[in-house]
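# A look at the structure
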Amino acid sequence: EQWVGANNYKRGDGTLAYFFSIEDMTAKAVAAGFEVETCEYCCTTTVNVARKLKLRRVFISVVLRRPAAAAATEAVHEAVAC
């Protein structure tokens, strides 16, 4: 079996892939101090013409923003450092 955890998958070459849900990604971003503007699934299809394969991929597209208070504090620290 290739699944080594609830969201961890072991590839054939031995590397690991972690699968995030939108809720998980949003929670991690908020815990790191970011504001989440958008967090949505992005579905694409890659075609391998030589092998005649269609590979469906799902990514999470996230736009994050630093909170205004943190950005203002950084600007003050940069001005003092000059």
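Look a little higher up for the structure.
All of these numbers come straight from a predicted model, not from anything done at the bench.

Conventions we followed
- Residues numbered from 1 in each chain as written.
- Predicted model: local features only at pLDDT ≥ 70, side-chain atom pairs only at ≥ 80, totals over all residues.
- Heavy atoms only, no water.
- 1 Å grid on protein atoms, 1.4 Å probe; cavity = no way out; pocket = protein on both sides within 12 Å on 5 of 7 lines; lining within 4 Å.
- Points joined across faces, edges and corners; volume = space filled by probe spheres on them.
- Helix = DSSP H or I, 4+ residues; strand = E, 2+ residues; numbered from the N terminus.
- Nonpolar A, V, L, I, M, F, W, Y, C, P; charged D, E, K, R; others polar.
- Buried < 20%, exposed > 50% of the residue type's maximum accessible area, 1.4 Å probe, protein only.
- Contact = heavy atoms within 4.5 Å.
- Arc of directions from axis to C-beta.

## Digging into the layout of surface pockets
Empty space among the atoms can be located by rolling a probe the size of a water molecule over them. Looking at the largest pocket, its volume works out to about 230 Å³. Arg-11, Tyr-18, Phe-19, Phe-20, Tyr-41, Arg-57, Val-58, Phe-59 and Ile-60 together form the lining of the largest pocket. A total of four residues in the lining of the largest pocket trace back to one element, the largest contributor, which is strand 4 (residues 53-65). Of the residues belonging to the lining of the largest pocket, the class tally is seven nonpolar, no polar and two charged.

## Here's the deal with the environment of Leu-55
Along the chain, the position of Leu-55 falls in strand 4. Judged by its relative accessible area of 28%, Leu-55 is partly exposed. Here the alpha-carbon distance between Leu-55 and Thr-44, two residues eleven residues apart in the chain, equals 8.3 Å. Not counting chain neighbours up to four residues away, the residues in contact with Leu-55 comprise Thr-44, Thr-45 and Thr-46.

## Considering helix 1 (residues 22-31)
For helix 1, every residue scored as buried is listed here: Ile-22, Asp-24 and Ala-29. All buried residues of helix 1 lie within an arc of 165 degrees about the axis, which places them on one face of the element. Exposed residues pointing more than 90 degrees away from the buried face of helix 1 are listed as Glu-23, Val-30 and Ala-31. Buried positions along helix 1 lie against strand 2 (16-18), strand 3 (35-48) and strand 4. Phi turns positive one or two residues past the end of helix 1, at Gly-33, with a value near 95 degrees.

Honestly, it's all geometry; don't read function into it.
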